[in-house]
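Chain and residue survey
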Amino acid sequence: MTVTLEVSAGVGTIRLDRPPMNALDIATQDRLRELAEEASRRDDVRAVVLYGGEKVFAAGADIKEMQAMDHAAMVLRSKALQDSFTAVARIPKPVVAAVTGYALGGGCELALCADFRIAGDNARLGQPEILLGLIPGAGGTQRLARLIGPSKAKDLIFTGRHVKADEALAMGLVDRVVPAAEVYEQAHAWAAKLAQGPALALRAAKESVDAGLETDIDTGLTVERNWFAGLFATEDRERGMRSFVEEGPGKAKFL
């Protein structure tokens, strides 16, 4: 399999495994969607790590496969391509990307689907599609601009240049830079900590933020209000407030 899902202690690791560069061909895209949907459904998966291995996250699409496709073929395929990445972005649980080495093109777009990005000091990120006479097609023009702002996104998309980990951190493309050998360990620790939190409240928080970014503030506030009130019907809310009153803040156990 080019993509696998392994679950340990509430954390599901979605691992790209298509040596040497984890090129995202059609089979890999489809498998990614399947496992993102599986991680979304499974109760034993409470947080997710996206990982490409120690040497590379994903160096982009399979260019040889794409070269053989004409306009009609890509019209049929482009929606499925976006749907694969959207399935990752819509996992209703905390998702962290553990980025080592290259995360280019589709690899960068996949990292953008996470809630948090931990990069190794050897990471290189970018959207080089313009160098092929193309633009990003798996969400890059949309998610990148929302994350780092339109001017910085246009810089990367217009030029196709790669950025090193330190520049990616400065522009907000990644959230933390660590030694390359520690990327997965730290990403898993981040996910494991959140896996112990209140699952419904975390889902509510993620959906409220994401939905709010796509609409006007009044609609976003309505989404927030409905989730906020709805959580008063949950056992986790009862447990959290009871623990706060009886033991003080930060001591509730939600598993």
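As shown above, the structure is provided for reference.
Here we summarise the structure given alongside this text. In this text, all values refer to a predicted model and were calculated from it rather than measured experimentally. (Residues numbered from 1 in each chain as written. Predicted model: local features only at pLDDT ≥ 70, side-chain atom pairs only at ≥ 80, totals over all residues. Heavy atoms only, no water.)

With that settled, the discussion passes to the sheet that holds strand S9 (residues 176-178). The sheet built from six strands is open, its strands ordered S1-S2-S3-S4-S6-S9 with mixed pairing. Either end of the sheet is taken by a strand with one partner, and the two such strands are strand S1 (3-8) and S9. When strand polarity is set aside, the average angle formed by the axes of neighbouring strands in this sheet is 20 degrees. Each of S1, strand S2 (11-16) and strand S3 (47-51) touches helix H1 (residues 26-41); the most contacted strand, S1, lies at about 25 degrees to it. (Pairing = 2+ DSSP bridges. Helix = DSSP H or I, 4+ residues; strand = E, 2+ residues; numbered from the N terminus. Axes fitted to C-alpha atoms, helices over the stretch in contact; angles between N-to-C directions. Contact = heavy atoms within 4.5 Å.)

So, about the pairing of S1. Note that S1 and S2 share six bridges and pair antiparallel. By the bridge assignment for S2, Glu6 is matched with Thr13.

Along its 13 residues, helix H8 (residues 183-195) runs 18 Å from first to last C-alpha, staying within 8% of the 18 Å computed at 1.5 Å per residue. Residues Val183, Ala187, His188, Ala191, Ala192 and Ala195 constitute the buried set of H8. The buried residues of H8 all sit within an arc of 150 degrees when viewed along its axis, so they share a single face. Exposed residues on H8 whose side chains face more than 90 degrees from its buried face are Glu185 and Lys193. In the core, the buried residues of H8 are packed alongside S1, S2, S3, strand S4 (95-99), strand S6 (116-120) and S9. (Expected span 1.5 Å × (residues − 1). Buried < 20%, exposed > 50% of the residue type's maximum accessible area, 1.4 Å probe, protein only. Arc of directions from axis to C-beta.)

Right, let's talk about the pattern of salt bridges for a bit. Under the definition given, this model contains 17 salt bridges. Of the charged contacts, one joins Arg42 and Asp44 as a salt bridge, the two residues approaching to 2.8 Å between their closest N and O atoms. With a shortest N-O distance of 4.0 Å, Arg117 and Asp175 are connected by a salt bridge. With a gap of 58 residues between them, Arg117 in strand S6 and Asp175 in the loop between helix H7 (165-170) and S9 connect regions that are remote in the sequence. By relative accessible area, Arg117 is classed as buried at 3%. (Salt bridge = Lys/Arg side-chain N within 4 Å of Asp/Glu carboxyl O.)

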